Amino acid sequence: MTGTSERPAAKSPAALPRLRARVTGTPARLRAGTTEALTYLRDNSGRLARTHWLLLALLAAGLLLRVLVMVGYAPAFWYHGDSHSYLGRAFREVPDVIRPYGYSFLIEALLPFGTTRVVVVLQHVAGLALAAVVYVFLQRKGLSRTVALLATAPLVLDARTVALEHYLLAETLFTVLVTVGLLLLCWRRDNPGWLLCAIAGALFGWATVTRSIGLVALAVPVLYLLIRRIGWLRLAAFASVVGLILGGYLTWYHQHHGQYSFGTYGGRFLWARTTTFVDCDRLTLTDAERRLCPTEPLDERRPADRYLWGGARSANHDYAGREYDELFGTFARKAILGQPLDFAEMVVVETGRILRPVPDPADERTVCLTEVWEFPVTEQETRCRPHMAPDDPEYRNYTGLATGNRHPLMEPLHGYSRVATVPATAVGLAFLLVLALALVRPRASTLREHLEPLMFAGLAIGMIVASVGSSVVDPRYSTPSLPLALIGAALAWRRFRAVRSTPTTVTRPATEPAPTREPQIVAAGADH
C-alpha cells in the first residue's frame, strides 16, 4: 500500500515532458492520419463502392428527394416567429432575448451569398452527410451492413427531417452538432484522444447556444466522460472548450442586455407549462405573482402556448419587458414545487402526445403543428401551413403562404410526407429496446458496451421530455432525437448479439470431476 501512494510522486518529473510531447506531436499525427485515410480512399474507392452500393443508392435517393423539395418549394420554408428572429438577429448581430444566437451565427456567415437558398442547401447537404457518418460509425462498431443501413435510412428518407432541413430553423444544425459530438466521443475503440474531446466540446458548446435544450444535451456527455474515467487531460480538453464558448456567449449577452444569461424568456416558457394545471389557491403567492394566475377554471384552460403568445392576454404582450422573466420563473417554481404530482402528470401526458403514432384528432393544436411540418399542397385549406421565405435575406420576412405556390411537384411531395414521416414513437420504442437489451446478462459486457447505447437513447428521450417540461409541445422537437435513438438501438443490438454468442459460465459442484477435454472458445462480438 505504501508503494502505491508513492508511485505518482516518482513519475511526476517525467509527466510534463510526456504531456508536452503528446500535445506538440498531435498535429503531425493528424496530418499523417489524414494523408493515410485519403490514400486508402483513393486506392480502394472501387471496392468500397461495390461493397457499400446500397448506401450509395440510399444517399442518391435522399439527394433526389431533397432536389425535388428545393425545386418544388423554392427558395425555403419560413416559420413566422422563429425564422424572423434568426434572420433578423443575423443582420443586427445582437443576441436575442428569446432564442440563442447559435443558428444566427451560421446565417450571418452565409449572408454574403445574398440568398436564403444557400442556407437550406447547406442544411440538406448536412443531413445527407450526417447519415453517411452514422453508417460509417456503426460499421466501425462491428454492426452488419444491413443493420447499419436500417439505422441510416430514416435519416435520409424521413419527410419531416427533410422538411425541417428546408426551413430557416435551428433544428438541423442542432441535430448535426449533438449527434456528431457524441459520435466523436465514441469513435475510437479505446478512449477518445484529447483532440477529439476538444472538438466534441466545441460542437456541444455551439449546440448549447443554438437551442436552449442544449444545456440538457450537454449534461449527458459530461456524465459519460466522468463515468468512463478517461483522464483529466481529456476531460479538461472537453470542459475548457465548452466553458470558453459558453463564457464568451454569456459575456457577449451581458454587453447587450446587462445580465449574464442565454436568454430572458426561460421563466415565461416554464410559467406557460404550469398554466394548464396550476391552482393558485393552493400556493403562497405575492400580489405580483398572483396577477399571473390564469383566470379560467381548470377545466377551461387554454393550451399553454396561448398564454405565452396568444394575443392581448399573454405573457409576451402584457409583460413585454425582460425584467419580468424572473417574476414568471418564481411563479413557475412555486407551482411546480407546490403541485409536483400535477406537474409530473402534465409532462407524462404531453410526452405521450408527442410519442403517439398519429396525433389525437381531438387535439387540434397538435394536429395543426403536425401539418405545418408536412410538405404543403395548393388545395390544403387548413390554416396550419408553412410560409415561404424570401430569396433575398434583406427582406427579412415571409413572402406568403407555401400553399399559394403552384408547382407540379407539390402534390406528390405532399403525398410522400403523409406516408414517409417517421413518428416520434420510434424514439420511444428505441429507448425501451435499449433498456430491455441492457438487462440481458448485464455482467457479460464491458462498461462501455452498456454506456454507449444508454447514452444515445437516453439523450434522445431526455430531450423530448425536457422540451415538454420546459417549453411547448411541438412535433418538431422530436426530430433531433431520431438519429440518437437509432444509433442507441443499433449499438444495443450489437451488444445483444455479442452476449448471445458468448458461452455462459457454469459453476460445477466441488464433488463433480472437471471435464478432461479442452473447452471450446467462442469468439464474442461477431455480428456479420
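Residues numbered from 1 in each chain as written. Predicted model: local features only at pLDDT ≥ 70, side-chain atom pairs only at ≥ 80, totals over all residues. Heavy atoms only, no water.

Let's talk about the nonpolar core
- Counting residues in each nonpolar core, the largest one holds 127 residues, and the members touching the most others are Tyr103, Leu138, Phe238, Phe331, Phe375 and Phe456.
- Every residue in contact with Tyr103, bar those within four places of it in the chain, is listed here: Tyr86, Val119, Gln123, Tyr167, Leu168, Leu169, Ala170, Leu173 and Thr210. (Core = buried A, V, L, I, M, F, W, Y, C linked by side-chain atoms within 4.5 Å. Buried < 20%, exposed > 50% of the residue type's maximum accessible area, 1.4 Å probe, protein only. Contact = heavy atoms within 4.5 Å.)

Focus: the pattern of salt bridges
- All told, the structure shown has 21 salt bridges when counted by the stated rule.
- Note that Arg99 is salt-bridged to Asp82, the shortest N-O span being 3.3 Å. Linking Arg99 in the loop between α3 (80–92) and α4 (102–110) with Asp82 in helix α3, this pair joins segments that are 17 residues apart in sequence.
- Residue classification places Arg99 among the buried positions, given a relative accessible area of 14%.
- Relative accessible area serves as the criterion here: at 10%, Asp82 is assigned to the buried category.
- As a salt-bridge pair, Glu394 and Arg396 come within 3.9 Å of each other at their nearest N and O atoms.
- The class of Arg396 is partly exposed, set by a relative accessible area of 29%.
- In this structure, a network of salt bridges that share partners links the residues Asp82, Arg89, Asp96, Arg99, Glu171, Arg211, Asp474 and Arg476. (Salt bridge = Lys/Arg side-chain N within 4 Å of Asp/Glu carboxyl O. Helix = DSSP H or I, 4+ residues; strand = E, 2+ residues; numbered from the N terminus.)

Observations concerning the packing of helix α8 (residues 171–185) against helix α21 (residues 447–470)
- Where α8 contacts α21, the two axes come as close as 11 Å, and the packing angle between them is 170 degrees. Between α8 and α21, the angle is such that the two are roughly antiparallel. Relative to α21, the crossing made by α8 is right-handed. On α21, the residues that touch Phe174, Val178, Leu182, Leu183 and Leu185 of α8 are Arg448, Met455, Phe456, Leu459 and Met463.
- Partitioned by chemical class, the residues of the contact of α8 with α21 number 9 nonpolar, no polar and 1 charged. (Axes fitted to C-alpha atoms, helices over the stretch in contact; angles between N-to-C directions. Parallel < 35°, antiparallel > 145°, perpendicular 65-115°, else oblique. Left-handed = near helix turned anticlockwise from the far one by under 90°. Nonpolar A, V, L, I, M, F, W, Y, C, P; charged D, E, K, R; others polar.)

Observations regarding a nonpolar patch on the surface
- Taken together, the side chains of Leu429, Leu432, Leu435 and Leu454 make up a nonpolar region of the molecular surface, amounting to roughly 350 Å² of accessible area.
- Per element, the largest residue contribution to the nonpolar patch is 3 residues, and it comes from helix α20 (residues 425–438).
- By the secondary structure assignment, Leu454 is in helix α21.
- The class of Leu454 is partly exposed, set by a relative accessible area of 33%. (Patch = residues over 30% accessible without salt bridge, like charges linked within 9 Å, V, L, I, M, F, W, Y side chains within 5 Å. Areas by Shrake-Rupley, 256 points an atom, 1.4 Å probe, with all protein chains shown as cover.)

Focus on the packing of α8 against helix α10 (residues 214–228)
- α10 packs onto α8 with a crossing angle of 5 degrees between their chain directions and a minimal axis gap of 11 Å. In terms of axis orientation, α8 runs roughly parallel to α10. Note on element contacts: α10 touches α8 through Gly214, Ala217, Pro221, Tyr224 and Leu225, opposite Phe174, Val178, Leu182 and Leu185.
- In the contact of α8 with α10, the residues fall into 8 nonpolar, 1 polar and no charged.

Points about unusual backbone geometry
- The residue after Ala74, namely Pro75, is reached through a cis peptide bond having omega 0 degrees.
- Relative to the elements of secondary structure, Pro75 occurs in the loop between α2 (53–72) and β1 (77–78).
- Positive phi outside glycine occurs at Glu93, with the angle close to 55 degrees.
- Checked against the element boundaries, Glu93 lands in the loop between α3 and α4.
- Accessibility expressed as a relative area gives 43% for Glu93, which makes it partly exposed.
- Even without being glycine, Arg229 reaches a positive phi, approximately 55 degrees.
- Following the sequence through the fold, Arg229 ends up in the loop between α10 and α11 (232–257).

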